[in-house]
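Working through the structure, step by step
The primary structure of each chain is shown beneath.
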Amino acid sequence: MHFDIVVAGGGPAGLSFAASLGGSGLSVAVVDKLDATSLADPPFDGREIALTHLSLALLKEIGAWDRIPAGDISEMHAARVLNGASTFAVNFDPRRRRPGTPLGHLVANHLIRRAVHDAAVALPEVTLLAGVSVARVETTARGATVHLSDDRSLTARLVVAADTRFSELRRRQGIPAKMLDFGRVMLVCRVAHERAHSHIATEWFDYGQTMATLPLNGNASSFVLTLPARQMDEVMAMDTETFDADITRRYRRRLGAMHLVSSRHTYPLVAVYAQRFHGTRFALVGDAAVGMHPVTAHGFNFGLLGANTLARGIKDAARRGVDIASQTVLHDYEQEHRRATLPTYLATNATARLYVDERRPARMVRDVALRVGAVVPPFRQMITARLMGTGRRVADAA
Ligand SMILES: Cc1cc2nc3c(=O)[nH]c(=O)nc-3n(C[C@H](O)[C@H](O)[C@H](O)COP(=O)(O)OP(=O)(O)OC[C@H]3O[C@@H](n4cnc5c(N)ncnc54)[C@H](O)[C@@H]3O)c2cc1C
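A brief structural summary. For every chain, the first residue of the written sequence is number 1, and numbering continues from 1 along that sequence. For a predicted model such as this one, the threshold for reporting local features is a pLDDT of at least 70, and the threshold for listing and counting side-chain atom pairs is 80 or more; totals across whole chains, interfaces and linings nevertheless cover every residue. Water and hydrogen atoms were dropped before computing side-chain values, which therefore reflect all heavy atoms in the structure.

A short note on the overall build of the protein
Looking only at helices and strands, the protein has 11 helices and 20 strands in total. The burial tally for the protein puts 55% of its 398 residues in the buried class. Here the protein displays about 17,200 Å² of accessible surface, and carbon together with sulfur accounts for 53% of that area. Where helices and strands are cited, they refer to DSSP runs of H or I of at least four residues and of E of at least two residues respectively, numbered from the N terminus. Note on classification: 1.4 Å probe, protein chains only; a residue is buried when its accessible area is under 20% of the maximum for its type, exposed when over 50%, partly exposed between these limits. For accessible areas, the Shrake-Rupley method is used with a probe of radius 1.4 Å. Any residue's cover is judged against the shown protein chains and nothing else.

See below:
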């Protein structure tokens, strides 16, 4: 079987990329090891994705946004950051300058997956090969061969790997990646609570633990707890009643009593940045290129942006009748996506490292950093614009 492009990995980034190629006339195969039912209707995985305004526009553009039920989208009106036992908070609130404009929107990851799946498979250009892995990829200047786990092989002009932050295909292509293991595990679940959240997200860098609540519709939130692995094992072993009491106590009853209303899911915290985003007739998108620490909620937002950047370059090349996998097309994608992601990647890692450092000097620095940040308007404006994903256009929002 021959395709113009083979995408390895039908996660949110791989499928968004395929959907971004709508109207190009290029044939695209998306290969995922999950079965067709799990791709079409993925189960809840605990993640609530904070989407920027730019991501919302990109999801609309690829026909995915309207496939998300309106009642499953919640607005995030503002965010605040707390440190340790201090009552001091830094607030990111665009409402004073831009009334009615939320900071972002929250959508469960499995619903995003479903929406981008449906948008991609609705395209005549896209073929989904489910329940089979990409085992190996061979590329030359003239073309690529993709070997599947069921002994079939596909040929293509370009292979795009979107096979998680631990990308096996990236490694096999000899592309090194910098990995930063934070030695922590993140638990995510949904909770109901007594008090209203007023659609404000809270990130609390407490000592020995980090917690966040992301406002969902009604008196419910996504609860995010970060702990060292051994402590997390104990939390995961708790029955529901004990867990409810534990998280209510940990969160100092800020939202009153909390009650688990979903399954609990854990993720190891490892940030990854590929040294290159492409090889010969080979490109990386999504977490395989840039795997963010979730604390600044940029992973999928960047995945979507990268998918759009690469698809734009490919469509332009196809329109001009030049090679869609030329070094120029792939190099331009790499440059643009690196510029868009690297500063935030580095700043996110520095923040995450500082706020898990329990030594006394670090505790003092994080308090000072937060207070300085709070009184320096450009800092707040920059973070707010970043959160909203609209760059300079809303730099005066905060
Ligand atoms: C707790 C948590 C909270 C997060 N919150 C946010 C947030 O608020 N905002 C945000 O923007 N991002 C957030 N993220 C990040 C976001 O979830 C990821 O960036 C996104 O899921 C990455 O998508 P992906 O398609 O690159 O990879 P994945 O979701 O990892 O999908 C990869 C796919 O590739 C398939 N695959 C792997 N290997 C092969 C192979 N060899 N052959 C075939 N198929 C293969 C897998 O089956 C899978 O379907 C969060 C992440 C976590 C862990």
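As for the pattern of salt bridges
Whenever a carboxyl oxygen of Asp or Glu lies within 4 Å of a side-chain nitrogen of Lys or Arg, that contact is scored as a salt bridge. Tallied over the entire structure, the rule returns 18 salt bridges. The closest approach of N and O atoms between Arg172 and Glu168, which form a salt bridge, is 3.7 Å. Taken together, the residues Arg172 and Glu168, both in helix H5 (residues 168-172) and four residues apart, mark about one turn of the helix. Judged by its relative accessible area of 37%, Glu168 falls in the partly exposed class. A network of salt bridges, in which partner residues are shared, links Glu168, Arg171 and Arg172.

Some points on the site of the ligand
By convention in this text, a residue qualifies as near a molecule or strand provided that one of its non-hydrogen atoms is within 4 Å of it. If you check the shell around the ligand, you find 30 residues, and the closest are Asp32, Arg47, Ala50, Asp287 and Phe300. Polar contacts here mean pairs of N or O atoms no more than 3.5 Å apart (in protein, one a potential hydrogen donor and the other a potential acceptor; neighbouring residues in sequence count only if both atoms are side-chain atoms). A distance of 2.9 Å separates an oxygen atom of the ligand from a polar atom in the backbone of Ala50. In this structure, Ala162 approaches the ligand through a main-chain N or O atom, which is 3.5 Å from an oxygen atom. Isolated, the ligand exposes 1,000 Å² of accessible area, and the fraction of that covered by the protein chains is 91%. Those elements that provide at least two residues to the shell around the ligand are helix H1 (12-20), strand S2 (28-32), strand S3 (48-51), strand S12 (177-193) and helix H8 (299-320). Under the convention adopted here, Pro, Cys and the residues Ala, Val, Leu, Ile, Met, Phe, Trp and Tyr are nonpolar, Asp, Glu, Lys and Arg are charged, and Gly plus all remaining residues are polar. Residue composition of the shell around the ligand, grouped by class: 14 nonpolar, nine polar and seven charged.

Brief notes about H1
Across the nine residues of H1, nine count as buried, placing the element largely inside the fold. Listing the buried residues of H1 in full gives Pro12, Ala13, Gly14, Leu15, Ser16, Phe17, Ala18, Ala19 and Ser20. Tucked into the core, H1 has its buried residues touching strand S1 (2-8), S2, helix H4 (109-121), strand S8 (126-130), strand S11 (153-161) and H8. Residues are treated as being in contact if the distance between any of their heavy atoms lies within 4.5 Å.

Some words on the packing of H1 against H8
To obtain each axis, a line is fitted to C-alpha atoms, and for helices this fit is confined to the stretch in contact; angles are then taken between N-to-C directions over 0 to 180 degrees. In the contact formed by H1 and H8, the axes pass within 9 Å of each other and the chain directions differ by 30°. Put simply, H1 runs roughly parallel to H8. H8 is crossed by H1, and the crossing has right-handed handedness. Across the interface between the two elements, Pro12, Ala13, Ser16, Phe17 and Ser20 of H1 pack against Phe300, Leu304, Ala307, Asn308, Leu310, Ala311, Ile314 and Lys315 of H8. Grouping the constituent residues of the contact of H1 with H8 by class yields nine nonpolar, three polar and one charged. Note that the term roughly parallel is reserved for angles under 35 degrees, roughly antiparallel for angles over 145, roughly perpendicular for angles of 65 to 115, and oblique for everything else. By definition, any crossing whose near helix is turned counterclockwise from its far helix by less than a right angle is left-handed, and any crossing with a clockwise turn is right-handed.

Quick look at the environment of Trp204
Positionally, Trp204 belongs in strand S13 (residues 200-206). Sequence separation of Trp204 and Val81 is 123 residues, and the distance between their C-alpha atoms is 5.8 Å. Apart from residues no more than four positions distant in its own chain, Trp204 is found in contact with Leu82, Asn83, Gly84, Gln209, Thr210, Met211, Arg250, Tyr251, Arg252 and Arg254.

So, the nonpolar core
We define the nonpolar core as a collection of buried residues of types Ala, Val, Leu, Ile, Met, Phe, Trp, Tyr and Cys that are connected through side-chain atoms lying within 4.5 Å of one another. Residues Ile5, Phe17, Leu59, Leu310 and Ile314 are the most contacted members of the largest nonpolar core, which totals 99 residues. Filtering out sequence-adjacent residues up to four positions away, Leu310 remains in contact with Phe17, Val160, Ala283, Val285, Leu330 and Tyr333. The next biggest cluster of nonpolar side chains, apart from the first, holds 19 residues, and it includes Leu82, Val235, Met238 and Leu255.

A short note on the pairing of S1
Counting buried residues in S1 gives six out of seven residues, a clear majority hidden from the surface. Where S1 lies against S11, six bridges are found, and the strand directions are parallel. Note on S11: the bridge partner recorded for His2 is Thr155. Here, any two strands with at least 2 DSSP bridges between them count as paired. Here S1 runs beside S2; their pairing, made up of four bridges, is parallel. Within the sheet, the bridge partner assigned to Ile5 lies in S2 and is Val28. One crossover worth recording links S1 to the parallel S2 by way of H1, and it is right-handed. Seen with its strands pointing away from the viewer, a crossover is right-handed if its path from the first strand over the helix to the second goes clockwise.

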